[in-house]
Amino acid sequence: MVTSSAARTALDLTADLPLPVLEDFYRDLHRHPELSLQEHRTAGRLAERLTGAGFETACGIGGTGVAGVLRNGAGPVVLLRADMDALPVQEETGLPYASGTPGVMHACGHDLHVTWLAGAAEALAAGRDAWSGTLLVVGQPAEETGRGAAGMVADGLYERFPAPDVLLAQHVAPGPVGLYPHSPGLLMSASTDVDIVVHGLGGHGSRPETTVDPVVTAAYLVTRLQTVLSREIAARESAVLTVGRIEAGTRHNIIPSTARIALNLRTQSAEVRERMLAAIRRIASGECLAAGCPREPEVTVGDNFPVTVNDAETDRRVAAVHTDVFGPGTVFDPGPAMGSEDFPHLVPAGVPYSYWFVTSTPAAVWDAAPGTDLMEKFQAVPSNHSPRFAPDLSTVAPGVRTLVSGALAYLTE
Ligand code: ZN
Ligand code: ZN
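Quick caveat, the model's predicted, so the values are computed rather than measured.

Cut-offs applied
- Residues numbered from 1 in each chain as written.
- Chains lettered and ligands numbered in written order.
- Predicted model: local features only at pLDDT ≥ 70, side-chain atom pairs only at ≥ 80, totals over all residues.
- Heavy atoms only, no water.
- Helix = DSSP H or I, 4+ residues; strand = E, 2+ residues; numbered from the N terminus.
- Buried < 20%, exposed > 50% of the residue type's maximum accessible area, 1.4 Å probe, protein only.
- Contact = heavy atoms within 4.5 Å.
- Areas by Shrake-Rupley, 256 points an atom, 1.4 Å probe, with all protein chains shown as cover.
- Donors = N, O, S within 2.8 Å, 3.2 Å for Na, K, Ca; no water.
- Tetrahedral: all angles 85-135°; square planar, octahedral: opposite > 155°, others 65-115°.
- Pairing = 2+ DSSP bridges.
- Axes fitted to C-alpha atoms, helices over the stretch in contact; angles between N-to-C directions.
- Core = buried A, V, L, I, M, F, W, Y, C linked by side-chain atoms within 4.5 Å.
- Left-handed = near helix turned anticlockwise from the far one by under 90°.
- Nonpolar A, V, L, I, M, F, W, Y, C, P; charged D, E, K, R; others polar.
- Salt bridge = Lys/Arg side-chain N within 4 Å of Asp/Glu carboxyl O.
- Parallel < 35°, antiparallel > 145°, perpendicular 65-115°, else oblique.

Turning to the overall build of the protein, a few remarks are in order. Looking only at helices and strands, one finds twelve helices and 14 strands in the protein. Along the first, second and third principal axes, the C-alpha atoms of the protein reach 80 × 45 × 45 Å. Counting only residues that meet the buried cut, the protein has 52% of its 413 residues in that class. Across the protein, contacts joining residues at least 24 apart in sequence account for 81% of those joining residues at least 6 apart. Summed over all atoms, the accessible surface of the protein reaches about 17,300 Å², with 53% contributed by carbon and sulfur.

Donor atoms from the polypeptide that coordinate the zinc ion (ligand 1) comprise C108 (SG), E144 (OE), E144 (OE) and H385 (NE2), at 2.0 to 2.7 Å from the metal. Each of the four donor atoms around the zinc ion (ligand 1) contributes to a set of angles spanning 53 to 150 degrees, which defines the coordination as irregular. Between the two metal centres, the zinc ion (ligand 1) and the zinc ion (ligand 2), the spacing is 3.1 Å, with C108 acting as a shared donor. A residue pair is termed long-range when its members are at least 10 positions apart, and C108 in the loop between β3 (77-83) and α4 (110-126) and E144 in the loop between β4 (133-140) and α5 (148-154) qualify at 36 residues.

Moving on: the sheet that holds strand β12 (residues 298-305). Pairing in this open sheet of four strands is antiparallel, and the strands run β9-β11-β7-β12 from one edge to the other. Every interior strand has two partners, whereas the edge strands, β9 (239-248) and β12, have only one. Each strand axis lies, on average, 20 degrees off the axis of its neighbour in the sheet, ignoring direction. In this sheet, β12 lies alongside strand β7 (residues 190-199) in antiparallel orientation, the contact comprising six bridges. Across the sheet, residue S191 finds its bridge partner in β12, namely F305. Across the sheet, helix α7 (residues 214-232) is in contact with β7, β9 and β11 (258-267); its angle to β9 comes to roughly 175 degrees.

Right, let's get into the nonpolar core. F55, L80, L124, L135 and L408 are the most contacted members of the largest nonpolar core, which has 57 residues in total. Not counting chain neighbours up to four residues away, the residues in contact with F55 comprise L50, G68, V69, L70, A121, A125, L135 and V137. V77, L157, F161 and F357 belong to the second largest nonpolar core, which has 25 residues in total.

This brings us to the environment of R8. Structurally, R8 is set in helix α1 (residues 5-13). The spacing of R8 and V325 is 317 residues in sequence and 7.6 Å in space, taken between C-alpha atoms.

With that settled, consider the coordination of the zinc ion (ligand 2). For the zinc ion (ligand 2), the full set of protein donor atoms is C108 (SG), H110 (NE2) and H171 (NE2), and the range of their distances to it is 2.0 to 2.4 Å. Taken in sequence order, the residues that donate to the zinc ion (ligand 2) follow the motif C-x1-H-x60-H. For C108, a relative accessible area of 6% puts it in the buried group. Owing to a relative accessible area of 0%, H110 belongs among the buried residues under this scheme.

Here α7 crosses helix α8 (residues 270-291) at 145 degrees, and the two axes come no closer than 10 Å. Two packed elements cross with a definite hand, and for α7 against α8 that hand is right-handed. Here T217, Y220, L221, R224, L225, T227, V228, L229 and E232 of α7 lie close against α8, whose contacting residues are R275, M276, A279, I280, R282, I283, A284, E287, C288 and A291. A breakdown of the residues in the contact of α7 with α8 according to their chemical character gives twelve nonpolar, two polar and five charged.

The next subject is the pattern of salt bridges. Tallied over the full model, the rule gives 16 salt bridges. When the shortest N-O distance is used, the salt bridge between E274 and R273 registers 3.2 Å. A relative accessible area of 18% means that R273 is categorised as buried.

Turning next to the packing of helix α2 (residues 19-31) against helix α12 (residues 396-411). Each pair of packed helices can be described by the angle between their axes along with the distance between the axes. In contact at an axis separation of 10 Å, α2 and α12 are set at 100 degrees when each is read in the N-to-C sense. Overall, the two elements α2 and α12 adopt an arrangement that is roughly perpendicular. On α12, the residues that touch L19, L22 and E23 of α2 are V396, A397 and V400. Tallied by class, the residues present in the contact of α2 with α12 amount to five nonpolar, no polar and one charged.

Another point: the pairing of strand β14 (residues 353-361). Within β14, nine of the nine residues are buried, which leaves it mostly tucked inside the rest of the structure. Here β14 shows a buried face lined by Y353, Y355, F357, T359 and T361 and a second buried face lined by S354, W356, V358 and S360. Relative to β14, strand β5 (residues 166-176) runs parallel, the two being bridged by eight bridges. Each bridged residue has a counterpart across the sheet, and for V172 the counterpart in β14 is V358.

The following block contains the structure:
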């Protein structure tokens, strides 16, 4: 039974969603994916809908960002955010509306996020008599590179538009359609890229005694880095260190002069992150010293994402409305994940936010997945970033409802 007025109003305002229109919009975005900071067409399509719904809209914020505002009387400023970028992935879904751009795919589902945002903006605009306050809608570029949210803020997003009192965002996730995972605290991990360059001394493969072989040093380094987590971080902490790339040399019989290692960290506290970075620097120096490298290695910290930590009170409030809208058993706490988001960069200091997930695996795919419990199946179905990731179209309406009801939790009080 629906008890809160926010939930009742949300169900009212989304009772007659133009689903064929929204599904067409989604399929069109899916067919035309654009990489980070190249989301010109996507941004244009979103801006068109916002302007059509009566929002005062601006494009080109922080590169390709879009924002629209609807001022509707006294009340809080609620920000709804969707990211817009696709990934350098060759699509393998076989869908009739699969990507028409070779090597680029909406493999993270941001096309669905944009569709949800457009649908919610239109539903809230059409039902503006039922609420009061200011609605700020943001189409954010370049989430995948971790630069889009910060770029929009640096480009004066909150000078050109009112600063929010609360921010809401959501992500499509694998799982049987109809679940809305919420965590009232730590939700996603920080991500840090690190590059290491090992400087050796190149030469002929037949005379290694005249060289310092950076390939061997890099190999030791990769192995030794595995001990950062297992030997230096307490078992109660959660963290990941993955070497995703190792590169050296040109031919079988040439000892190269350098080797490069690219690795990524996932951490859930600043202390563990600092400790891991210090260990990486120490191990890199130590291995190079042991090998007799002519120069210290270069260790560079690159792109990074912050931790995503929901404000507990805000998240409980939104989760309660979602439970009201979708029914008991649809909202649960999955605990923190190792994935990362740049959404917190969009949040002004001290402003609360809630970020949640919407599950999207088609029933047939979920049922056919091996395993008996939720976690086993969850591991088996195509996840975000997979070339086979294909959210079910039936999630268009619920993803609009989550945003509308989340916003109304603040705009009907
Ligand atoms: Zn992604
Ligand atoms: Zn994503």
